[in-house]
Amino acid sequence: ATTGFEGARMPENVRAPDFRLENQDGQTVAMRSLRGRPAIVTFLYTTCEDTCPIQAQTIRGALDQLGHDVPALAIAVDPPRDTPQRAKAFLSEQHALGRIDFVLGTRNELKPLWDGFFVRPQSVTEEHQARITLVDASGYQRVGFPGSEATPERLAHDLRLLEAEAQG
């Protein structure tokens, strides 16, 4: 087993939930189509002004550190306020358009993703969980970072390990 991850190891054999939803540009995003390389998954909402921009910046920084992009998904946690227009504006403000896909949908469409990634969505009384999950090339959730513990360096480090593993 690979050791040396900076983030917390996830329980063994937990698949990333499969889904087919649309991103901010109306293009289909499917978890299954990302197999073969590691992916970054986080949970954001478009009207967030504190943790979400920091997480988007952290992911962008990790891709810069890595020297190339890997699939990066931001799964909406505040439908129906998370609209394609707002998602585009959010990504644009974070200089992450084209590097992070904002996965949008209705509460019913997104709930299996929140549950599958063990994340609590945004609500009136509770802030959503700031969390970044790294999914390996086989589609398993491998490493988790609470938002406060994720840095570009730590994410890039763990992505390199997952990429090396994928190359055998």
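Refer to the structure above for everything that follows.
Criteria and thresholds
- Residues numbered from 1 in each chain as written.
- Predicted model: local features only at pLDDT ≥ 70, side-chain atom pairs only at ≥ 80, totals over all residues.
- Heavy atoms only, no water.
- Helix = DSSP H or I, 4+ residues; strand = E, 2+ residues; numbered from the N terminus.
- Contact = heavy atoms within 4.5 Å.
- Core = buried A, V, L, I, M, F, W, Y, C linked by side-chain atoms within 4.5 Å.
- Buried < 20%, exposed > 50% of the residue type's maximum accessible area, 1.4 Å probe, protein only.
- Pairing = 2+ DSSP bridges.
- Right-handed = clockwise from strand over helix to strand, strands pointing away.

S.K.: Residues and numbers for the side chain of threonine 133, please.
M.R.: Along the chain, threonine 133 turns up in strand β7 (residues 131-135). If we ignore the near neighbours within four places in the chain, the residues touching threonine 133 are Met10, Ala39, Ile40, Val41, Phe117, Gln141, Val143 and Gly144.

S.K.: Can you break down the nonpolar core residue by residue, with the values?
M.R.: Met31, Ile40, Ile75, Phe102, Phe117 and Leu134 are the most contacted members of the largest nonpolar core, which has 49 residues in total. Among the elements that line this core, the one with the most residues is helix α1 (residues 51-66), at 6 residues. If we ignore the near neighbours within four places in the chain, the residues touching phenylalanine 117 are Ala16, Pro17, Met31, Val41, Phe43, Ile75, Arg131, Thr133, Val135 and Gln141.

S.K.: I'd love a proper account of the pairing of strand β5 (residues 72-76), names of residues and values included.
M.R.: By the criterion of burial, β5 is predominantly enclosed, with 5 of the 5 residues buried. Of the two faces of β5, the one carrying Ala72, Ala74 and Ala76 and the one carrying Leu73 and Ile75 are both buried. Taken together, the 5 bridges between strand β4 (residues 39-44) and β5 define a ladder with parallel strand orientation. Bridged to valine 41 within β5 is leucine 73. Note on the crossover from β5 through helix α2 (residues 84-93) to strand β6 (residues 101-103): the handedness is right-handed.

Purely geometric stuff here, so don't read any function into it on its own.
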